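Analysis of the macromolecular model
The residues making up each chain are set out below.
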Amino acid sequence: MTITQITAEDIPVLLAGAQLLCSSAGSIALDGYRTAIEEVLRRNGPVPLVALDDLPPDALCVSIGALGGFAPMIELPPNGDEGVLAVRALEERLGRKVDAIVSLNSAGPNAVFPVASAAALGLPLVDCDGMGRVLPLMIQTTYALAGLPIGPLAGVGLAGDVLVLDSSEHRSELLLRAAMKAAGGWLLCASYPATVAALRPAALRGATSRALTVGRMLTTADDREALLAGLTRIMGSRVLGSGRVIELGHATRTVGPRIYPSVPTSIVVGEYGSAGRLIRLEGHSELLLAVIDGAVAAAVPDVLCLLDRHELKVVGMESVGLGHHVDVLVLPVSPMWHTPAGLAMAGPRAFGFPVRHPREEEA
């Protein structure tokens, strides 16, 4: 079924689908945030969802996405109008109007910020994104892989502060993170301004409609086998293994300054049966690497995910516990990420793991 618009009633569904692409990061409830976005859509009406090829080649698109953590969004949820301030500031810098909104990534909370921005601005949302999953840096995008500049860009903080930035990719990331901390923990950004013609080789198409379709499956599922089959059909997912969580570890490695996250950095799943394999999952705030009996079985940028076998819900690293019965899923990302340049930007070595991605071993 072709999805042509997004309504307020679609927001919980979109968030459920987008959660699957977070690699088990940030499964906490965002009720205040969700309510704010729903209110923006009720006030402004449904958002048209269009394909990239539905727009003229010279139409100007801007990517919307937030930089920061989940916890600050719970304490200080957005009012939904931050995107208007960011886009208007960027339009003033560019000297022309924006014609459509695209997503930085259709994963987690970032799946709905572009929807709210498009609604408030009265613009269509293009059915694409620049990650196909969640990644920690704004410069880890297929937009950047294809050579699109991240700026000029505009950011808006919790108090309505607006900054406009025109710098290199890496300088922009550094400066934005400093501003994000000063702003209170998150910053909504309008970035990667580009025409449709420039976006065509860079964007991952169908990202929002895919998240909506998967969200409908997750919010209505009552049959595990049917859900897994549906995820395979739509996402190309496969089950690495199924079993019980038997070990949780914390902060077993150091990359740069030592950080002790509040979530596990390693999770061991013992497969069912006396001869079951051990599936060791390594990560930080999200799952990044799967090792089965000593061999790398899957790695970032592919998505690793825990699915509760009984409740049929994504299990976040904030809520996973000993004894949890889970399916370990791997969801392949776009082939753009499996190129040498893509793996250099977002493969396991980019996160400090001295191993090769399984796709490199196959080459």
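Calculation notes
Residues numbered from 1 in each chain as written. Predicted model: local features only at pLDDT ≥ 70, side-chain atom pairs only at ≥ 80, totals over all residues. Heavy atoms only, no water. Pairing = 2+ DSSP bridges. Helix = DSSP H or I, 4+ residues; strand = E, 2+ residues; numbered from the N terminus. Contact = heavy atoms within 4.5 Å. Axes fitted to C-alpha atoms, helices over the stretch in contact; angles between N-to-C directions. Polar contact = N/O pair within 3.5 Å; in protein donor to acceptor, adjacent residues only side chain to side chain. Phe/Tyr/Trp six-rings, centres within 6.5 Å; stacked < 30°, edge-to-face > 60°. Buried < 20%, exposed > 50% of the residue type's maximum accessible area, 1.4 Å probe, protein only. Domains from an automatic or database assignment. Buried area = accessible area lost by both parts, 1.4 Å probe. Salt bridge = Lys/Arg side-chain N within 4 Å of Asp/Glu carboxyl O. Nonpolar A, V, L, I, M, F, W, Y, C, P; charged D, E, K, R; others polar. Patch = residues over 30% accessible without salt bridge, like charges linked within 9 Å, V, L, I, M, F, W, Y side chains within 5 Å. Areas by Shrake-Rupley, 256 points an atom, 1.4 Å probe, with all protein chains shown as cover. Lys, Arg positive; Asp, Glu negative; His and termini not counted.

By the naming in an unreviewed UniProt entry, the protein chain is DUF917 family protein, taken from Crossiella cryophila.

Let us look at the sheet that holds strand β11 (residues 238–249). Sheet architecture is open: 8 strands sit in the order β15-β14-β13-β12-β11-β18-β16-β17, paired in antiparallel fashion. Bordering the open sheet on either side are β15 (295–299) and β17 (314–315), each of which pairs with just one other strand. Relative to strand β18 (residues 325–331), strand β16 (residues 303–308) is paired through 6 bridges, and the arrangement is antiparallel. Of the residues in β18, the one forming a bridge with Cys305 is Leu329. Packing against the sheet, helix α10 (residues 224–235) makes contact with β11, β16 and β18, and its axis sits at approximately 15° to β18.

Mapped onto the elements, Arg277 comes out in the loop between β12 (266–271) and β13 (278–283). Put simply, Arg277 and Ile267 are 10 residues apart on the chain and 14 Å apart in space, counted from C-alpha to C-alpha. Residue contacts for Arg277: discarding those within four places in its chain leaves Leu240, Gly241, Val269, Gly270, Glu271, Ile292 and Asp293. Here Leu240 takes part through its backbone oxygen, which lies 2.8 Å from a polar atom of the side chain of Arg277. Reaching out from Arg277, the side chain makes a polar contact with the side chain of Glu271 at a distance of 2.8 Å.

Here the structure, examined in full by the defined rule, presents 2 aromatic pairs. Between Phe113 and Trp186 the ring centres are 5.6 Å apart and the planes differ by 35°, which places this aromatic pair in the tilted class. Here Trp186 lies in strand β9 (residues 186–195) and Phe113 lies in helix α5 (residues 113–121), a separation of 73 residues in the sequence. Take Phe113 and Trp186: they sit in the same class, and that class is buried.

Along the chain, Gly151 connects to Pro152 via a cis peptide bond; the corresponding omega equals 0°. For Pro152, the location among the structural elements is in the loop between α6 (142–145) and β7 (153–156). Cis geometry marks the peptide bond from Val300 to Pro301, where omega comes out at 15°. Summarising the element assignment, Pro301 is placed in the loop between β15 and β16. We note that Ser23 has phi near 55°; this positive angle belongs to a residue other than glycine. Turning to its location among the elements, Ser23 is positioned in the loop between α1 (11–19) and α2 (31–44). On the basis of relative accessibility, which here comes to 0%, the residue Ser23 falls in the buried class. We note that Ser24 has phi near 65°; this positive angle belongs to a residue other than glycine. Relative to the helices and strands, Ser24 is located in the loop between α1 and α2. On the basis of relative accessibility, which here comes to 0%, the residue Ser24 falls in the buried class.

As far as domains go, the protein chain holds domain 1 (5–207) and domain 2 (221–351). Computed from C-alpha atoms alone, the centre-to-centre distance between domain 1 and domain 2 is 26 Å. Between domain 1 and domain 2, the contact holds 26 residues from the first and 28 residues from the second. With both chains or domains summed, domain 1 and domain 2 bury close to 2,000 Å², and 67% of this area falls on carbon and sulfur atoms. The interface formed by domain 1 and domain 2 includes 1 salt bridge. Between Glu286 and Arg133 there is a salt bridge; the shortest N-O distance is 2.8 Å. Here domain 1 and domain 2 share 10 residue pairs in polar contact (both at pLDDT 80 or more) between them. Broken down by element, the residue count for the side of domain 1 that touches domain 2 peaks at 3 residues, all from α6. For the side of domain 1 that touches domain 2, the per-class residue count stands at 15 nonpolar, 10 polar and 1 charged.

What follows is about a nonpolar patch on the surface. Among the surface-exposed residues, Leu85, Val162 and Val164 lie close enough to one another that they form a single nonpolar patch of about 230 Å² accessible area. Mapped onto the fold, Val162 is located in strand β8 (residues 162–165). A residue is classified by how much of its surface remains accessible, and Val162, at 42% relative accessible area, is partly exposed.

Most of α5 sits inside the fold, with 8 of its 9 residues counted as buried. Taken as a whole, α5 has its buried residues at Phe113, Pro114, Val115, Ala116, Ser117, Ala118, Ala119 and Leu121.

Take Glu82: it is sitting in helix α4 (residues 82–94). The buried charged residue Glu82 lacks any salt bridge, with Arg43 as its nearest oppositely charged partner at 8.7 Å. The contacts of Glu82, once residues within four sequence positions are left out, are Val156, Trp186 and Leu188.

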